[in-house]
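Now for the letters of each chain:
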Amino acid sequence: MANELWPIPKFHFTVEWEGGESGFQEVSGLEMESQFIEYRSGDDNTFVTQKIPGLKKHGTVTLKKGTFRGDNQMWEWFTDVQTNPNRRMDVTISLLDEENSPVIVWTIRNAFPVKVTATDLKADANEVAVETIELAHEGIEQEAQ
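These figures come from a predicted structure and were not determined experimentally.

### Concerning the overall build of the protein chain
Line of reasoning, step 1. Within the protein chain one finds one helix and ten strands.
Line of reasoning, step 2. In the protein chain, the succession of helices and strands from N to C terminus is β-β-β-β-β-β-α-β-β-β-β.
Line of reasoning, step 3. Rg of the C-alpha trace for the protein chain: 20 Å, well past the compact-globule value of 15 Å for 145 residues, more than 25% over.
Line of reasoning, step 4. The buried share of the protein chain, reckoned over its 145 residues, is 26%.
Line of reasoning, step 5. Restricting to contacts in the protein chain with at least 6 residues of sequence separation, those with at least 24 account for 63%.
Line of reasoning, step 6. Positive and negative charge centroids in the protein chain, built from 13 and 25 side chains respectively, lie 7 Å apart.

Here's what the structure looks like:
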């Protein structure tokens with residue numbers, strides 16, 4: 001009961017997709033917005049437009065992870081989807097509690113990579129190499145556990 005009084009920390013999560021799971025450092029872009037339609041009936045004597053929900057709009061989801069020797073999975077998916085549009089897949093992101101149980105699960109529908117970025121290189125840096133992948137998709141579903 002006492003755990004419900006505190007917000008959920010955001011640092012413990014997993015990212016899963018068809019054929020794999022990987023440890024990502026950062027996930028951003030889990031957002032949707034709705035465009036609206038303005039409408040006014042010709043016989044409306046208030047002279048005010050109504051706002052009606054319209055189409056949903058999604059940005060890209062960005063995933064960042066450490067670069068590992070021999071791990072070329074993101075680059076291969078990016079290359080493959082260019083010639084094989086059936087390589088779209090659902091990606092599941094789960095925010096976990098202290099017992100590794102999902103608290104909130106986001107499912108990114110029909111995702112495919114639109115941009116892959118290799119790590120930047122600096123001779124005087126003291127950081128791990130991080131690669132980035134941006135995913136276009138057809139919607140995000142959120143489920144609280």
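### Considerations on the environment of His137
Line of reasoning, step 1. You can see His137 is positioned in the loop between strand 9 (130–136) and strand 10 (140–144).
Line of reasoning, step 2. Residues in contact with His137, not counting those within four places in the same chain, are His58, Gly59, Val61, Ile108, Arg109, Asn110 and Ala111.
Line of reasoning, step 3. Here the side chain of His137 touches Gly59 through a polar contact of 3.0 Å, landing on its backbone oxygen.
Line of reasoning, step 4. In terms of polar contacts, His137 uses its side chain to reach the backbone amide nitrogen of Gly139, at 3.0 Å.

### Considering the side chain of Glu131
Line of reasoning, step 1. Among the secondary structure elements, Glu131 is positioned in strand 9.
Line of reasoning, step 2. For Glu131, a relative accessible area of 6% gives the class buried.
Line of reasoning, step 3. Of the polar contacts made by the side chain of Glu131, one reaches the side chain of Trp75; its length is 3.3 Å.
Line of reasoning, step 4. Discounting chain neighbours no more than four positions away, the residues touching Glu131 are Leu63, Lys64, Lys65, Gly66, Thr67, Met74, Trp75, Thr117, Ala118 and Thr119.

### Notes on the confidence of the model for the protein chain
Line of reasoning, step 1. In this model, the protein chain carries an average pLDDT of 90, and 97% of its residues clear a pLDDT of 70 or more.
Line of reasoning, step 2. Between the elements of the protein chain, mean pLDDT differs from a low of 76, seen in strand 2 (residues 20–22), to a high of 97, seen in strand 3 (residues 26–28).

### Topic: a nonpolar patch on the surface
Line of reasoning, step 1. Residues Ile37, Tyr39 and Ile52 make up a contiguous nonpolar surface patch of roughly 270 Å² in combined accessible area.
Line of reasoning, step 2. Here Tyr39 shows up in strand 4 (residues 32–39).

### Structural notes on the nonpolar core
Line of reasoning, step 1. Counting 20 residues, the largest nonpolar core has Leu63 and Val91 as the members making the most contacts within it.
Line of reasoning, step 2. Mapped onto this core, the elements with two or more residues apiece are strand 1 (13–17), strand 6 (61–66), helix 1 (73–83), strand 7 (89–96), strand 8 (102–117) and strand 9.
Line of reasoning, step 3. When residues in this core are grouped by element, the largest group, six residues, is from strand 8.
Line of reasoning, step 4. Excluding its chain neighbours within four sequence positions, the residues that come into contact with Leu63 are Val15, Phe24, Glu26, Val27, Ile93, Glu131, Thr132, Ile133 and Leu135.

### Regarding the side chain of Thr14
Line of reasoning, step 1. In this fold, Thr14 is placed in strand 1.
Line of reasoning, step 2. For Thr14, a relative accessible area of 15% corresponds to the buried category.
Line of reasoning, step 3. In this structure Thr14 touches Glu21, Thr92, Ile93, Ser94 and Leu96, once residues within four positions along its chain are discounted.

### Comments concerning the pattern of salt bridges
Line of reasoning, step 1. By the definition in use, this model includes seven salt bridges.
Line of reasoning, step 2. Asp71 is the salt-bridge partner of Lys65, the closest N and O atoms lying 2.6 Å from each other.
Line of reasoning, step 3. Look at Lys65 and you get buried, because its relative accessible area is 2%.

### A few points about unusual backbone geometry
Residues apart from glycine generally show negative phi values, whereas peptide bonds are mostly found in trans.
Line of reasoning, step 1. Positive phi, close to 55 degrees, is recorded for Phe47, a residue that is not glycine.
Line of reasoning, step 2. Here Phe47 lies in the loop between strand 4 and strand 5 (50–58).
Line of reasoning, step 3. One non-glycine residue with positive phi stands out, namely Asn110, at about 50 degrees.

Definitions and limits used
Every chain's residues receive numbers from 1 upward, in the order its sequence appears when written. Since the coordinates come from a predicted model, pLDDT governs what is reported: local features require at least 70, and pairs of side-chain atoms require 80 or more to be given and counted, while whole-chain, interface and lining totals use all residues. Computation of side-chain values: all heavy atoms of the structure, hydrogens and water removed. Labels follow the DSSP assignment, with helices taken as runs of H or I lasting at least four residues and strands as runs of E lasting at least two, numbered in each case from the N terminus. Computation of the radius of gyration draws on C-alpha atoms alone. For the globule rule, the value is 2.2 Å times the number of residues to the power 0.38. Exposure is judged per residue with a 1.4 Å probe applied to protein chains only, and the accessible area is read against the type maximum: over 50% gives exposed, under 20% gives buried, and values in between give partly exposed. Every residue pair with non-hydrogen atoms within 4.5 Å of one another is taken to be in contact. The convention is simple: Lys and Arg are positive, Asp and Glu are negative, and His and the chain ends are not counted. Taken as the charge location is NZ of Lys, CZ of Arg, CG of Asp or CD of Glu. Residues adjacent in sequence count toward polar contacts only when both atoms are side-chain atoms; beyond that, a polar contact is any pair of N or O atoms within 3.5 Å, and within protein one must be able to donate a hydrogen and the other to accept it. Scored between 0 and 100, pLDDT is the confidence that the predictor attaches to each residue. The residues that make up patches have over 30% relative accessible area and no salt bridge, and they are joined within 9 Å when like-charged or within 5 Å when they are Val, Leu, Ile, Met, Phe, Trp or Tyr. Every accessible area reported is derived by Shrake-Rupley at a probe size of 1.4 Å, with residue values counting cover from the shown protein chains alone. For salt bridges, the criterion is a side-chain nitrogen of Lys or Arg within 4 Å of an Asp or Glu carboxyl oxygen. Working definition of a nonpolar core: buried Ala, Val, Leu, Ile, Met, Phe, Trp, Tyr and Cys residues. They are joined through side-chain atoms within 4.5 Å.

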